[in-house]
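Coordinates in review
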Amino acid sequence: LSDRVDLALVSGVDGVHLKDRGIPPAALPEELRARWLVGVSRHDEDGLARAGGADYATLSPYRETASKPGQPGLGLERLRGLMGSSPVPVLALGGIRVEDLPELLAAGVAGVAVSSGIFASGDPVASAGTYAQALREARRA
């Protein structure tokens, strides 16, 4: 659940994803952080500095996307530099293409998060399978 700790508490989910300018993960009670998977959205060095207490951070956008118009993509070198200052594992997000997976994993991302690459396709199930297979292959390389 995105930034809705209240709903997460009553619904029995296994985690929460906190917005960049939302609740700091360290502000969650330790008992919840121990029980939940806690993720955070981040976009720059300052955001990553506030990621402590989370289990992972999504770092975005990797490239410019329709969901973040006008926000330039980080690109591989900037992403790599930002990951070096992250206190938690980083998932790349935003405009990720199947062909990006080998270079992203080689750069050290813990994984990727994909939305439009799957849901904007004509066959989301097949697209998800394509990403999953490419991710497995990139991890073996």
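Calculation notes
Residues numbered from 1 in each chain as written. Predicted model: local features only at pLDDT ≥ 70, side-chain atom pairs only at ≥ 80, totals over all residues. Heavy atoms only, no water. Helix = DSSP H or I, 4+ residues; strand = E, 2+ residues; numbered from the N terminus. Buried < 20%, exposed > 50% of the residue type's maximum accessible area, 1.4 Å probe, protein only. Contact = heavy atoms within 4.5 Å. Core = buried A, V, L, I, M, F, W, Y, C linked by side-chain atoms within 4.5 Å. Salt bridge = Lys/Arg side-chain N within 4 Å of Asp/Glu carboxyl O. Patch = residues over 30% accessible without salt bridge, like charges linked within 9 Å, V, L, I, M, F, W, Y side chains within 5 Å. Areas by Shrake-Rupley, 256 points an atom, 1.4 Å probe, with all protein chains shown as cover.

Side note on the side chain of T58
Looking at the secondary structure, you find T58 in strand β3 (residues 56-59). Classification of T58 as buried rests on a relative accessible area of 5%. Here T58 is in contact with H17, V40, S41, R42, L91 and L93, once residues within four sequence places are set aside.

Describing the nonpolar core
Grouped together as the largest cluster of nonpolar side chains are 35 residues, with contacts concentrated most on L79, I96, L101 and L104. When contributions to this core are tallied by element, the ones reaching two or more residues are α1 (5-11), β1 (15-18), β2 (37-42), β3, α4 (75-83), β4 (90-93), α5 (101-107) and α7 (124-140). Filtering out sequence-adjacent residues up to four positions away, L104 remains in contact with Y62, L76, L79, A92, I96, V109 and V112.

Some thoughts on the pattern of salt bridges
Overall, the coordinates contain seven salt bridges when judged by the stated rule. R78 is the salt-bridge partner of E45, the closest N and O atoms lying 2.9 Å from each other. Here the residue E45 occupies a position in helix α3 (residues 45-49), and R78 occupies one in helix α4, the gap between them amounting to 33 residues. Accessibility expressed as a relative area gives 37% for R78, which makes it partly exposed. The salt bridge involving R80 is made with E77; its shortest N-O contact spans 2.8 Å.

A few points about a nonpolar patch on the surface
Among the surface-exposed residues, L7, L9 and V10 lie close enough to one another that they form a single nonpolar patch of about 290 Å² accessible area. Relative to the assigned elements, V10 resides in helix α1. With relative accessibility at 71%, the residue V10 sits in the exposed group.

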